[in-house]
Amino acid sequence: MLDVLGLKPDDERVYRALLGRPNSTAILLSDEVALPYAHVDKALSRLVGWGLVTRSADGRFTAAPPAMALGALISQRRDGLRMAEHALVTFAEEHRAAMTGSSINDLIEVVTGVDAIRHRFLQVQQAARTQVRSFITAPFVALPPEENTAEPVAIGRGVQFRAVLDRAVLAEPGIVDDAIDSLGKGVQLRVADQLPMKLVLADADLGLVPLAVTPDGEPGAVLLHRSGLLDALDALFETVWRNAHPLALSATDGEAETTVEVGPQGPTELDRRILGLLLAGLTAAAQLGLSARTLHRRLRHLMDLAGVRSRMQLGAYAVRNGWADPPRP
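Residues numbered from 1 in each chain as written. Predicted model: local features only at pLDDT ≥ 70, side-chain atom pairs only at ≥ 80, totals over all residues. Heavy atoms only, no water.

Asker: Explain the sheet that holds strand β10 (residues 245–246) to me, please; I cannot follow it from the model alone.
Answerer: Neighbouring strands of a sheet are bound in pairs by backbone hydrogen bonds; such pairs are parallel or else antiparallel. Strand order in the open sheet formed by eight strands is β3-β9-β8-β7-β4-β5-β6-β10, and the pairing between neighbours is mixed. Each edge of the open sheet carries a strand with a single partner, namely β3 (108–112) and β10. Bridge count for strand β8 (residues 206–211) against strand β9 (residues 220–225) is six bridges, and the pairing is antiparallel. In the strand pairing of β9, leucine 211 is matched with glycine 220. (Pairing = 2+ DSSP bridges. Helix = DSSP H or I, 4+ residues; strand = E, 2+ residues; numbered from the N terminus.)

Asker: Can you help me understand the packing of helix α1 (residues 9–20) against helix α2 (residues 26–33) in this one?
Answerer: Relative orientation and spacing of two packed helices are given, respectively, by the angle between their axes and the distance between those axes. Two numbers describe how α1 lies on α2: the axes approach to 10 Å, and their chain directions differ by 105 degrees. It follows from the interaxial angle that α1 and α2 lie roughly perpendicular. On the side of α1, the interface is formed by Arg13, Val14, Ala17 and Leu18, while α2 contributes Leu29, Glu32 and Val33. Counted by class, the contact of α1 with α2 contains five nonpolar, no polar and two charged residues. (Axes fitted to C-alpha atoms, helices over the stretch in contact; angles between N-to-C directions. Parallel < 35°, antiparallel > 145°, perpendicular 65-115°, else oblique. Contact = heavy atoms within 4.5 Å. Nonpolar A, V, L, I, M, F, W, Y, C, P; charged D, E, K, R; others polar.)

Asker: Looking at this structure, how should I read the packing of α1 against helix α3 (residues 37–50)?
Answerer: Remark: α1 packs on α3, axes separated minimally by 9 Å, with the N-to-C direction vectors making an angle of 80 degrees. Taken as axis vectors, α1 and α3 run roughly perpendicular relative to one another. Packed against α1, whose contacting residues are Asp10, Asp11, Val14, Tyr15 and Leu18, the element α3 presents His39, Val40, Ala43, Leu44, Arg46, Leu47 and Trp50 at the interface. For the contact of α1 with α3, a count of residues per class yields eight nonpolar, one polar and three charged.

Asker: Would you explain the side chain of aspartate 11 in this entry?
Answerer: With respect to the helices and strands, aspartate 11 occurs in helix α1. Separated by 2.8 Å, the side chains of aspartate 11 and arginine 46 make a polar contact. In this view, aspartate 11 contacts Ala43, Arg46, Leu47 and Trp50; residues no more than four positions away in its chain are not counted. (Polar contact = N/O pair within 3.5 Å; in protein donor to acceptor, adjacent residues only side chain to side chain.)

Asker: Could you clarify how one ought to interpret the confidence of the model for the protein in this entry?
Answerer: In low-pLDDT regions, the fine details of the predicted coordinates are not to be read closely. The pLDDT averaged across the protein works out to 76; a share of 75% of its residues lies at or above 70. Scored below 50 in pLDDT, residues 251–264 shows 30 contacts in the model against residues more than four places distant or in partner chains. (pLDDT = per-residue confidence, 0-100.)

Asker: When you look at the layout of surface pockets in this model, what are you seeing that I'm missing?
Answerer: Left-over empty space is what a probe sized like a water molecule reveals as it rolls over the atoms. Its boundaries defined by the atoms lining it, the largest pocket holds a volume of some 780 Å³. If you trace the largest pocket, you find 42 residues lining it, with Phe121, Ile136, Phe140, Leu143 and Pro145 closest to the centre. Every element with two or more residues in the lining of the largest pocket is listed here: α6 (114–127), β4 (131–136), α7 (150–156), β5 (160–166), α8 (175–184), β7 (199–202) and β8. Considering every element that reaches the lining of the largest pocket, the biggest residue donor is α8, with five residues. Among the residues forming the lining of the largest pocket, the class breakdown is 30 nonpolar, six polar and six charged. (1 Å grid on protein atoms, 1.4 Å probe; cavity = no way out; pocket = protein on both sides within 12 Å on 5 of 7 lines; lining within 4 Å. Points joined across faces, edges and corners; volume = space filled by probe spheres on them.)

Spelled out as structure tokens, the structure:
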């Protein structure tokens, strides 16, 4: 737990033991934590150096109060991170200035192989300070959406995510549930009829564009630094984003037919999922595990509520009245 502060597992075990056994010797602690004496001795030396443990003249050790000792260590780490963030801004500006006169080889990096592409994909998101934008198409070669560990971390530090999904992606197994999870975390999703490429952009500084497989069968990609080409991809994303249809889905407690009764005042959560998928041009029954009969009954009831006669009219009514949006708490 304290490894984020630089402590090793042995250090933490010894420190925890000392919290309940002040004035202990290294030998006693070795028995307490079931570690070799040499390991305990080294751990105590490190803990004393960090100010987490004090040593008396007779060779006994006592843990310093956690609120004081660990609090000071946390403050030091926090100050160090702030200094690192300031240095990052400075280095980034120096890098941009250096890249202004760089050759094409400095602005474009060719990446080959699944592992290398996955590594760069995660790095691009980790480098983002304000936003990550992406085009998502099938198949998923390097990293399926559910394995994107960098996204929740970046969201946690305030990075905004916007993604456009190729309509065909929504037919992939598990994608709808993954989209619902992302929407719940604040990711903005839209759907386009067809996307020209896979793409991920970090701010206006980095772009990763997966390409077709190489002649020897390995997938390839290019990592782009700030350049006219990256500016063009930035503009392409924003154009596609404006013309794409917002995807609005919400979770339901179940998908069985017993959960599909329509309330008298408007659509249920399941209805909203159906409308969201229909507005995205997808077959809702296949995605939600409903029978065609159940889906038809739900749509018929929704058309009656809206006072319309066709699915197209229902879609227009749903957009105007917010029926396809996730329900407000």
